[in-house]
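# Coordinates in review
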Amino acid sequence: MEHQKNADRKPQDEFIEKLVKLSRTSKTVKGGRRMSFSALTVVGDQKGRIGFGFGKANDVTEAIRKSIDKAKSNLTLMPIKNGTIPHEVIGKYKSSAVLLKPACPGTGVKAGGPVRAVMDAAGITDVISKSQGSRTSVNVIRATFNAVENMMNARVVAQNRGKALKDMWG
């Protein structure tokens, strides 16, 4: 009975949690300054499931916990092909744009800051990226997730065209 209960529960260590940005803001009130914190995190299972969250609270740990909970609630699936992405794609959000290119095995993750956190959480080992426009962390993360949503999976494309996967790849 005890063994079955543990089998039904999901392990807590399933996701890798990356803190992208932690900000402290202050509001001046009658008694002085009141501090609050905001946290931006990315979670992923290194098998293609990734999500991001943004949380605010008066305590650092509470802000991080809120952002991780939000990240786990809005997960998306990223197609992975041999440790890299299937094709080149550009993601845009407001004035931020992120270019993602597939890379040969051994290249590594050539990405900076927020994009690197997303790729590491997704389990991508080889990719080249370029962040263009605004470099605000939240907008860069949203642009990266826009690029992930615009990626096509070969299996889905073949199914939509009514062909077999072997016919698509030759």
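Further up the page is the structure itself.
Being a predicted model, the structure only gives us computed values, none of them experimental. (Residues numbered from 1 in each chain as written. Predicted model: local features only at pLDDT ≥ 70, side-chain atom pairs only at ≥ 80, totals over all residues. Heavy atoms only, no water.)

## Thoughts on the overall build of the protein chain
This is how it is decided: Here a strand is any run of E in DSSP of at least two residues, a helix any run of H or I of at least four, and the numbering for each starts at the N terminus. The classification of residues rests on relative accessible area computed with a 1.4 Å probe and restricted to protein chains. Under 20% of the type maximum is buried, over 50% is exposed, and intermediate values are partly exposed. Note on contacts: a residue pair is in contact if any heavy atoms of the two residues lie within 4.5 Å. Using the Shrake-Rupley algorithm and a 1.4 Å probe, accessible areas are obtained, with residue cover drawn only from the displayed protein chains.
Along the protein chain, the regular secondary structure elements total six helices and eight strands. In sequence order, the protein chain lays out its α and β elements as α-β-β-β-α-β-β-β-β-α-β-α-α-α. Among the 170 residues that make up the protein chain, the fraction classed as buried is 35%. For the protein chain, restricting intrachain contacts to residue pairs at least 6 apart in sequence, the fraction spanning at least 24 positions comes to 55%. About 10700 Å² of surface is accessible on the protein chain, with carbon and sulfur atoms providing 49% of the total.

## A short note on the pattern of salt bridges
It is possible for side chains of opposite charge to pair when their charged atoms get near one another. Applicable threshold: Any Lys or Arg side-chain nitrogen located within 4 Å of an Asp or Glu carboxyl oxygen qualifies as a salt bridge.
For the structure shown, the criterion picks out five salt bridges. As a salt-bridge pair, arginine 65 and glutamate 62 come within 2.5 Å of each other at their nearest N and O atoms. Residue arginine 65 and its partner glutamate 62 are located together in helix α2 (residues 60-73), separated by three residues, close to a single helical turn. Its relative accessible area of 30% is what places glutamate 62 among the partly exposed residues. A salt bridge links aspartate 69 to arginine 65; the shortest N-O distance between them is 2.7 Å. Of the two residues, aspartate 69 and arginine 65 are both situated in helix α2; the distance of four residues between them amounts to about one turn of the helix. Aspartate 69 sits in the partly exposed class, given a relative accessible area of 40%.

## Considerations on the packing of helix α3 (residues 114-122) against helix α4 (residues 137-150)
What counts here: Axis angles are defined between N-to-C directions and span 0 to 180 degrees, where every axis is a line fitted to C-alpha atoms and, for a helix, only to the segment in contact. Just so you know how the angles are binned, under 35 degrees is roughly parallel, over 145 roughly antiparallel, 65 to 115 roughly perpendicular, and the rest oblique. For any pair of crossing helices, the crossing counts as left-handed if the nearer helix is rotated counterclockwise from the farther one by less than a right angle, and right-handed if it is rotated clockwise. Residue type decides the class: Asp, Glu, Lys and Arg count as charged, Ala, Val, Leu, Ile, Met, Phe, Trp, Tyr, Cys and Pro as nonpolar, and the leftover types, Gly among them, as polar.
Between α3 and α4, the shortest axis-to-axis distance is 9 Å and the interhelical angle comes to 45°. Here α3 is positioned oblique relative to α4, judged by the angle of their axes. Both α3 and α4 take part in a crossing whose hand is right-handed. Residue-level inspection shows Pro114, Val115, Val118 and Met119 of α3 in contact with α4, the latter providing Ser137, Val140, Ile141, Thr144 and Phe145. For the contact of α3 with α4, the per-class residue count stands at seven nonpolar, two polar and no charged.

## As for the sheet that holds strand β2 (residues 32-44)
Rule in force here: One bridge is not enough; two strands pair if DSSP finds at least two bridges between them.
The sheet built from four strands is open, its strands ordered β1-β2-β3-β4 with antiparallel pairing. The open sheet is flanked by β1 (16-29) and β4 (76-77), the only strands paired with a single partner. Two strands pair when backbone bridges link them, and β2 and strand β3 (residues 49-57) are joined in this way by eight bridges, in the antiparallel orientation. The residue of β3 that forms the bridge with valine 42 is phenylalanine 52.

## Structural notes on the sheet that holds strand β6 (residues 96-102)
Taken together, the four strands give an open sheet; going across it, the order is β5-β6-β8-β7, and neighbouring strands pair in mixed fashion. The sheet is open, and its two borders are formed by β5 (89-93) and β7 (109-110), each paired with just one other strand. With two bridges connecting them, β7 and strand β8 (residues 127-133) associate as parallel partners. Within β8, the position partnered with valine 109 by the bridge is valine 127. Lying on the sheet, α4 is in contact with β5, β6 and β8; it crosses β5 at an angle near 135°.

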